[in-house]
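Coordinate inspection notes
Single-letter residue listing:
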Amino acid sequence: LTSKGANFLADFLLAPGVSDLTGSFRLYERKVLEEVLPKIQCKGYAFQMEIIVRSKKAGFQVGEIPISFVDRIYGESKLGTKEIVMYLQGLLQLFFTT
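All of the points below concern the structure found in this document. Just so you know, these numbers come straight off a predicted model, no measurement behind them. (Residues numbered from 1 in each chain as written. Predicted model: local features only at pLDDT ≥ 70, side-chain atom pairs only at ≥ 80, totals over all residues. Heavy atoms only, no water.)

**Brief notes about the layout of surface pockets**
Roughly 860 Å³ of internal volume is contained in the largest pocket. As for the largest pocket, its lining consists of 25 residues, of which Thr2, Ser3, Thr22, Ser77 and Leu79 are closest to the centre. The set of elements that each furnish at least two residues to the lining of the largest pocket consists of helix 1 (2–14) and helix 4 (81–97). Among the elements that take part in the lining of the largest pocket, helix 1 stands out by supplying seven residues, more than any other. (1 Å grid on protein atoms, 1.4 Å probe; cavity = no way out; pocket = protein on both sides within 12 Å on 5 of 7 lines; lining within 4 Å. Points joined across faces, edges and corners; volume = space filled by probe spheres on them. Helix = DSSP H or I, 4+ residues; strand = E, 2+ residues; numbered from the N terminus.)

Below is the structure:
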């Protein structure tokens, strides 16, 4: 539920053109990392969102390979208030700077 909400907000504000900004397998070409990583400012979960958004804005192609999450059976999520606040701050920062 949290991931769906995070993706909805990011898609609405940033229109990144990908289906999932918060979790997926990622593979980057070296030239993408060399150009985009020095510009990254976000930490935590927002990092995933920022690298995709900045890569797309720089004209790089982004392909997706779907993954399936299985509901947690044991343990608890490490996602807390601090991470949610950091994500929202990163989302707003990207909205105003990209």
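**Points about a nonpolar patch on the surface**
Taken together, the side chains of Phe8, Leu9, Phe12, Tyr45, Leu79, Ile84 and Leu88 make up a nonpolar region of the molecular surface, amounting to roughly 670 Å² of accessible area. Looking at the nonpolar patch, the element that brings in the most residues is helix 1, giving three residues. Residue position: Tyr45 is located in helix 3 (residues 45–57). (Patch = residues over 30% accessible without salt bridge, like charges linked within 9 Å, V, L, I, M, F, W, Y side chains within 5 Å. Areas by Shrake-Rupley, 256 points an atom, 1.4 Å probe, with all protein chains shown as cover. Salt bridge = Lys/Arg side-chain N within 4 Å of Asp/Glu carboxyl O.)

**Describing empty space enclosed by the protein**
Going through the model one piece at a time under the given rule, you end up with one cavity of 30 Å³ or more. By volume, the largest cavity amounts to about 30 Å³. Contributing to the lining of the largest cavity are Lys43, Gly44, Tyr45, Ala46, Glu83, Met86 and Tyr87. Elements supplying a minimum of two residues to the lining of the largest cavity: helix 3 and helix 4.

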